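# Structural features, examined
Each chain, letter by letter, is given below.
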Amino acid sequence: IKYVKTYLLEHELKSVIFVTDPPHARRIDIIANTILDYEGVGLSFIIVGSEVSWWNENFYFLNKKALLFTGLELIKIPYNYIAYGILEKYGVLESAKGMLGDSVRLCKKFILDSIARIWDK
C-alpha cells in the first residue's frame, strides 16, 4: 500500500482499486487512511473483496480457514500500526524489527495453535 501510494504520486494518478481477500480489507483501509494518509495527499481508493469460497462475513467463524485468517489479522493490524504508523515515522523501525518480529511470530503461533486445538476437538 505504501509502494502504491508512492507510484500514484510519482505518476500523478489520483485513485486506485485494491482487490483483496475480504478479511484483508480492514487492514488495507487502516493502513491507507490512518498510517499513510492517502486522503491527505489527494488520493482516493476503493477496496473490492475478491470472491473466495471459504469466506462468509456473517459466518466466518464456522470455517477453519476463515477463522485462522481473521485471527492472524488481529495480530497484523496492530503490528502494521505500530511498525509503520509509529516506529517508521520516528526512524526506529529497522532497529526494532528483530524484537517486533519475534513477538509477532509468538502471537501468530499462539493464535494458530489455539484455533487448531479448539477446532480439532
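Notes on the structure in this doc start here. (Residues numbered from 1 in each chain as written. Predicted model: local features only at pLDDT ≥ 70, side-chain atom pairs only at ≥ 80, totals over all residues. Heavy atoms only, no water.)

### Things to note about the overall build of the protein chain
Across its full length, the protein chain carries 4 helices and 2 strands. Reading the secondary structure of the protein chain in the N-to-C direction produces α-β-α-β-α-α. In terms of its C-alpha atoms, the protein chain occupies a principal-axis envelope of roughly 55 × 35 × 15 Å. Within the protein chain, the proportion of its 121 residues that are buried is 31%. Restricting the contact set of the protein chain to residue pairs at least 6 apart, pairs at least 24 apart contribute 69%. Accessible surface, the protein chain as shown: approximately 8300 Å² in total, 59% of it carbon and sulfur. (Helix = DSSP H or I, 4+ residues; strand = E, 2+ residues; numbered from the N terminus. Buried < 20%, exposed > 50% of the residue type's maximum accessible area, 1.4 Å probe, protein only. Contact = heavy atoms within 4.5 Å. Areas by Shrake-Rupley, 256 points an atom, 1.4 Å probe, with all protein chains shown as cover.)

### Some points on a nonpolar patch on the surface
Nonpolar side chains collect at one region of the surface, where Tyr 81, Ile 82, Ile 86, Tyr 90 and Val 92 lie side by side and expose about 470 Å² of accessible area between them. Among the structural elements, Tyr 81 can be located in helix 3 (residues 64–87). (Patch = residues over 30% accessible without salt bridge, like charges linked within 9 Å, V, L, I, M, F, W, Y side chains within 5 Å. Salt bridge = Lys/Arg side-chain N within 4 Å of Asp/Glu carboxyl O.)

### Quick look at helix 2 (residues 25–35)
Residues Arg 27, Ile 28, Ile 31, Ala 32 and Ile 35 constitute the buried set of helix 2. The arc enclosing the buried residues of helix 2, seen along the axis, measures out at 120°, which places them on a common side. Each element contacted by the buried residues of helix 2 is listed here: strand 1 (15–20), strand 2 (44–49) and helix 3. (Arc of directions from axis to C-beta.)

### Some thoughts on the packing of aromatic side chains
Remark: the centre distance and the inter-plane angle together describe each pair of aromatic rings, the angle taken between the planes. One pass over the full model with this rule turns up 9 aromatic pairs. For the ring pair Tyr 38 and Phe 45, a centre distance of 5.6 Å and an interplane angle of 80° mean the geometry is edge-to-face. Here the two residues Tyr 38 and Phe 45 agree in accessibility, since each one is buried. Seen in terms of ring centroids, Tyr 60 and Phe 61 are 5.7 Å apart; in terms of plane orientation they differ by 80°. Their pairing is edge-to-face. The exposure class assigned to Tyr 60 is partly exposed, which follows from its relative accessible area of 29%. Owing to a relative accessible area of 41%, Phe 61 belongs among the partly exposed residues under this scheme. The structure contains a cluster of three or more aromatic residues connected by ring pairs, namely Trp 54, Trp 55, Phe 59, Tyr 60, Phe 61 and Phe 69. (Phe/Tyr/Trp six-rings, centres within 6.5 Å; stacked < 30°, edge-to-face > 60°.)

### Some words on unusual backbone geometry
Notably, Glu 12 is not glycine yet its phi reads approximately 55°, a positive angle. Assignment of secondary structure puts Glu 12 in the loop between helix 1 (2–10) and strand 1. Owing to a relative accessible area of 69%, Glu 12 belongs among the exposed residues under this scheme.

### What to know about the nonpolar core
Listed in full, the 11 residues of the largest apolar core are Leu 8, Val 16, Phe 18, Ile 28, Ile 31, Ala 32, Ile 35, Leu 36, Tyr 38, Leu 43 and Phe 45. Mapped by element, the contributors of at least two residues to this core are strand 1 and helix 2. Once you skip the residues sitting within four places of it in the chain, Phe 45 turns out to touch Val 16, Phe 18, Asp 29, Ala 32, Asn 33 and Tyr 38. (Core = buried A, V, L, I, M, F, W, Y, C linked by side-chain atoms within 4.5 Å.)

### Things to note about the pattern of salt bridges
Proximity of charged atoms lets side chains of opposite charge pair with each other. Summed over all chains, the structure comprises 5 salt bridges. For Glu 73, the salt bridge is made with Arg 27, and the minimal N-O distance between the two is 2.8 Å. Placement of Glu 73 in helix 3 and of Arg 27 in helix 2 is noted, with a sequence separation of 46 residues between them. For the pair shown, Glu 73 and Arg 27 are each scored as buried. With its nearest N and O atoms 3.5 Å apart, the salt bridge here joins Glu 94 to Lys 97. Within this pair, Glu 94 and its partner Lys 97 are both found in helix 4 (residues 93–119), separated by 3 residues, close to a single helical turn.

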